[in-house]
Amino acid sequence: MSEPRYSDMGKPENSEAYEPPRVSLLREYYETVLVCVLFILYTWTFVVMQSKIPTASMQNTLLIGDRIIVNKFAYGTETWPWLKMLFPYRDIRRGDVVVFKSLEDPEKDFIKRVIAVGGDRLEMVDKRTYLNGAPLDEPYVQFGDSRVYGVRDLRSPYGHPRDNFGPIVIPDGHYFVMGDNRDNSNDSRAFGPVERRYVKGKAVLIFWSMEQPGEWSDPLGKKAWNVLKSAANFFRWTRWDRIFRPVE
């Protein structure tokens, strides 16, 4: 008996035509969307988050209405420290702009700049910051009030030292954070150094920026009206020059 001849497709000539199993178009769309959704959920849960700037405490680095990307992956996690052996995590450094949970209300996030880390000696004298005995170069800082308050001057905003503070030594595993708008910021001068476990990530990018007609603390009705005004003035109020600007 002669051997069956094979075609270029690798199948016997006398075999039945082969048809791959058909997958419905609806199922293909479903699987594609499911994979995309899972990827987005994973990314927003473990890698990045977005946040909106509600106050002027970081002005002019960050303005009210800036929407930023926060890298939750930058510093790793204390829950699984062994991951540092696999991924390029790094320690929190002076100058980083970080998002952290409020010490008073863990449901609320703050964003400030790290000024000092564990072991540093920090002091403020007449608005000037000294780190380990040397004046700190802070080109990002803005002062909006020419008045200088003493350490025990209760007239200072927020009822805590503003322009004269310390000296203090930052405990290990803690970070002293302050707003760049130094005269209008509720920060470590009020609530003390922030523990590492409260830090959620590093602010890396402004992905959208838009002027805001109101404040974050406005009542609900006024907020709804402000949303309508923002929609009507979308192109005029968008700060196009700030989009995709790195947070430094």
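What counts and how
- Residues numbered from 1 in each chain as written.
- Predicted model: local features only at pLDDT ≥ 70, side-chain atom pairs only at ≥ 80, totals over all residues.
- Heavy atoms only, no water.
- Phe/Tyr/Trp six-rings, centres within 6.5 Å; stacked < 30°, edge-to-face > 60°.
- Helix = DSSP H or I, 4+ residues; strand = E, 2+ residues; numbered from the N terminus.
- Lys NZ or Arg CZ within 6 Å of the ring centre and 35° of its normal.
- Buried < 20%, exposed > 50% of the residue type's maximum accessible area, 1.4 Å probe, protein only.
- Contact = heavy atoms within 4.5 Å.
- Polar contact = N/O pair within 3.5 Å; in protein donor to acceptor, adjacent residues only side chain to side chain.
- Pairing = 2+ DSSP bridges.

J.: Looking at this structure, how should I read the packing of aromatic side chains?
T.: One pair of aromatic rings is described through two measures. These are the centre distance and the angle between the planes. Enumeration over the complete set of coordinates arrives at six aromatic pairs. Relative to Phe-176, the ring of Phe-165 has its centre 5.4 Å away and its plane inclined at 50°; by these criteria the two rings are tilted. Of this pair, Phe-165 sits in strand E8 (residues 165-169) while Phe-176 is found in strand E9 (residues 174-178), placing the two residues 11 residues apart along the sequence. Taken together, the aromatic side chains of Phe-100, Phe-110 and Phe-191 make up a single cluster linked through ring pairs. The residue whose ring lies beneath Lys-112 is Phe-110, and the NZ or CZ to ring-centre distance is 5.8 Å. The ring of Tyr-140 has Arg-113 lying over it, and the distance from NZ or CZ to the ring centre is 3.9 Å.

J.: When you look at the environment of Asn-132 in this model, what are you seeing that I'm missing?
T.: With respect to the helices, strands and loops of the structure, Asn-132 is situated in the loop between strand E6 (128-131) and strand E7 (134-135). Taking the relative accessible area as the measure of exposure, Asn-132 reaches 45% and is therefore partly exposed. Separated by 11 residues in the primary sequence, Asn-132 and Arg-121 place their C-alpha atoms 4.8 Å from one another. In contact with Asn-132, not counting residues within four places along its chain, are Arg-94, Gly-119, Asp-120 and Arg-121. One polar contact links Asn-132 to Asp-120, side chain to side chain, over a distance of 3.2 Å.

J.: Please explain the pairing of E6 as it appears in this structure.
T.: For a regular strand, the rule is simple: side chains alternate between the two faces of the sheet. Only one face of E6 is buried, namely the one carrying Thr-129 and Leu-131, since none of Arg-128 and Tyr-130 on the opposite face is buried. Across four bridges, the pairing between strand E5 (residues 121-125) and E6 is antiparallel. From the neighbouring strand, Val-125 faces E6, where its bridge partner is Arg-128. Pairing geometry for E6 and E7, over two bridges, is antiparallel. Bridge pairing in E7 places Leu-131 opposite Ala-134. Once E6 ends, the chain turns through two residues before running back antiparallel as E7, passing Asn-132 with a positive phi of about 55°.

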